Structure formats: structure tokens, C-alpha cells
Amino acid sequence: MTALKAVTASTGARRRMVSVAALAAGAALVLSGCGAGQVSQTATQVAAVNGNHADIDRISLRNVHIVYPAGGTEYTNAKGGKAIIALSVVNNGETVTDELTSISTDLGTVKITPPAGDPAFRIAPQQTVVAATSATDVTAAKSDQHGATPSGTATPTTSAAPAGDKTTVNPEQKPGLIEITGLTKDITPGLTYPVTFNFKQNGTVTVQVPVDAGAVTERHEGQTAATESEHKGGH
């Protein structure tokens, strides 16, 4: 009887182990089924920094991106409309001022408006010039420049600095503006578009410029405007 009880107990234990294993496998199938066909959270996440960057000799381009269109403005990012390219241009040179002479892209014609009071989009040595994210920023900067000095008061535009000191300038207070006009196609968030920047002293560089994602948009990992066209042509 003792041997029979031992065999019966062993058989019962094995059955319980098989039941537990079956339940675990079933739970895994349920979980995988729940996730099937759903978009993960990372599929709608966007990078904290939207812009691209590039270096050409002593010039550095930082946070280069096409601005997501704001409601109620003339910038639509749609075919036939207008868009804005925002960026920071840094002149790492010690002595030579450079100038952004032109920008080209197959998206349309690019218009460069220099910072208020400057005849051209120039970047002095060890200085940064910003292209604004909206025309409003440029208009406000011009208004500040023209309205800063009360009538009848003579105020110097620059102040003498001690020898060896460099004047600190906040580039965002005096931005330029870069606009793409007559867009040849819709500009899509999540894609990148080739844009070529031409500098008078430091040469030419082409940057794959991403589109600002706005609030939330679906991510297109590694996808450019060219691959988007291929996808559309294949369906």
C-alpha cells in the first residue's frame, strides 16, 4: 500500500506541473495576441531635438530643420505655399567673417532675409547667427531696433569693451529669416529633404533637413523624401 501511495502521489505531482506549464503557455499566447496589430508607444514618439547638423571648414550648422506650420500664418508647408528653414550658423574662425550667400533645394525658391540692420546674412568670427522659426520673431526684432532709442536721444549702437574682451550677443534677439517659396510638393513631417547651403568663404554643404514634428507625429525611421516617393509608387 505504501508503494502504491507513493506512485499515486508522484503521478499527481507530474499532472500539476503539466497544468502549470499549460497555463503559462496560454498566458503568453494571450499577451502576444493583445499586442498584435497595435502600434507601440515609440512609434509616435519624436526626438527631443528635431534638427540636423553639419560642418563645413570653420562653419557649423546646428538644429537645421523645416518648421512645422503654425495655424493662422502664411506658411502651410503645402505645394504652392511657403515654408521656413530654421537653424543656427556658428563661425568658429578667429578673424574672417563669412556670409551665407544662397541656399538651393528642389522644394522651391529660397529667400534669405538677413538680421535687422545687416545688409547680408553675415556671421562674424566667434559669433552665431540664428534663422528664426517664424516671421513674427524677425518683425519683433526690427521693431525693437527702430524703437529702442527715444526721439532726440543719442545712444551709441556699440559700446567699447576692455582689451581682450568679446561682446556677448544673444543671436535670438536679432534673427534672420530663411523662407522656401513656391513649394513644388507637400512637405511631410517625419521625412528629410536635401538642402544645399553656400558660404562665401567656407564653401558648400548639403544637409538632409528634417521637418519639425509639431506636437506628435508617426515616426518614419530612416525615411527620406525619396523613399516616400518609392513607397507611393509601389502601391
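Residues numbered from 1 in each chain as written. Predicted model: local features only at pLDDT ≥ 70, side-chain atom pairs only at ≥ 80, totals over all residues. Heavy atoms only, no water.

1. Comments concerning unusual backbone geometry
Peptide bonds are trans in most cases, and residues, glycine excluded, mostly fall at negative phi. Despite not being glycine, Asp57 shows a phi value in the positive range, around 55°. Among the structural elements, Asp57 can be located in the loop between strand 1 (52–56) and strand 2 (59–66). In this model, Asn77 sits at a positive phi of 60°, which is unusual for a non-glycine residue. Turning to its location among the elements, Asn77 is positioned in the loop between strand 2 and strand 3 (83–91). (Helix = DSSP H or I, 4+ residues; strand = E, 2+ residues; numbered from the N terminus.)

2. Structural notes on the side chain of Thr105
Mapped onto the elements of the fold, Thr105 is located in the loop between strand 4 (98–104) and strand 5 (109–113). Residue classification places Thr105 among the buried residues on the basis of a relative accessible area of 15%. Within the structure, Thr105 has its side chain in polar contact with the backbone nitrogen of Leu107 (distance 3.2 Å). Only 3.2 Å separates the side chain of Thr105 from the backbone oxygen of Pro194, close enough to count as a polar contact. With residues near it in sequence (within four places) discarded, Thr105 still touches Val110, Pro194 and Val195. (Buried < 20%, exposed > 50% of the residue type's maximum accessible area, 1.4 Å probe, protein only. Polar contact = N/O pair within 3.5 Å; in protein donor to acceptor, adjacent residues only side chain to side chain. Contact = heavy atoms within 4.5 Å.)

3. Quick look at the side chain of Asn91
In this structure, Asn91 sits in strand 3. Owing to a relative accessible area of 2%, Asn91 belongs among the buried residues under this scheme. At a separation of 2.9 Å, a polar atom in the side chain of Asn91 contacts the main-chain amide nitrogen of Gly93. A distance of 2.9 Å separates a polar atom in the side chain of Asn91 from the backbone oxygen of Ile123.

4. Comments concerning the sheet that holds strand 4
Working definition: the strands of a sheet are paired by backbone hydrogen bonds and lie parallel or antiparallel to each other. Sheet architecture is open: four strands sit in the order 6-4-9-10, paired in antiparallel fashion. Across the chains shown, the open sheet's two edge strands, defined by having one partner strand only, are strand 6 (122–123) and strand 10 (203–210). Across two bridges, strand 4 lies against strand 6 in antiparallel orientation. Counterpart to Asp98 in the pairing with strand 6 is Ile123. (Pairing = 2+ DSSP bridges.)

5. Brief notes about the pairing of strand 1
Note: strand 1 against strand 2, four bridges, orientation antiparallel. By the bridge assignment, Asn52 is partnered in strand 2 with Val64. Count of turn residues in the strand 1/strand 2 antiparallel hairpin: two residues, of which Asp57 carries a positive phi of about 55°.

6. A closer look at the nonpolar core
Counting 31 residues, the largest nonpolar core has Leu61, Ile66, Phe197 and Phe199 as its most contacted members. For this core, the elements supplying multiple residues, two or more each, are strand 1, strand 2, strand 3, strand 4, strand 7 (128–131), strand 8 (177–181), strand 9 (192–199) and strand 10. In contact with Leu61, other than residues within four places in its own chain, are Asn52, His53, Ala54, Leu87, Ser88, Val89, Phe197, Phe199, Val205 and Val207. In this structure, Val67, Tyr75, Ala86 and Leu177 belong to the second largest nonpolar core, which totals five residues. (Core = buried A, V, L, I, M, F, W, Y, C linked by side-chain atoms within 4.5 Å.)

7. Some words on the environment of Gly176
Within the secondary structure, Gly176 sits in the loop between helix 2 (135–147) and strand 8. Gly176 gets classed as buried once you look at its relative accessible area, which sits at 0%.

The analysis is restricted to geometry; functional conclusions fall outside its scope.
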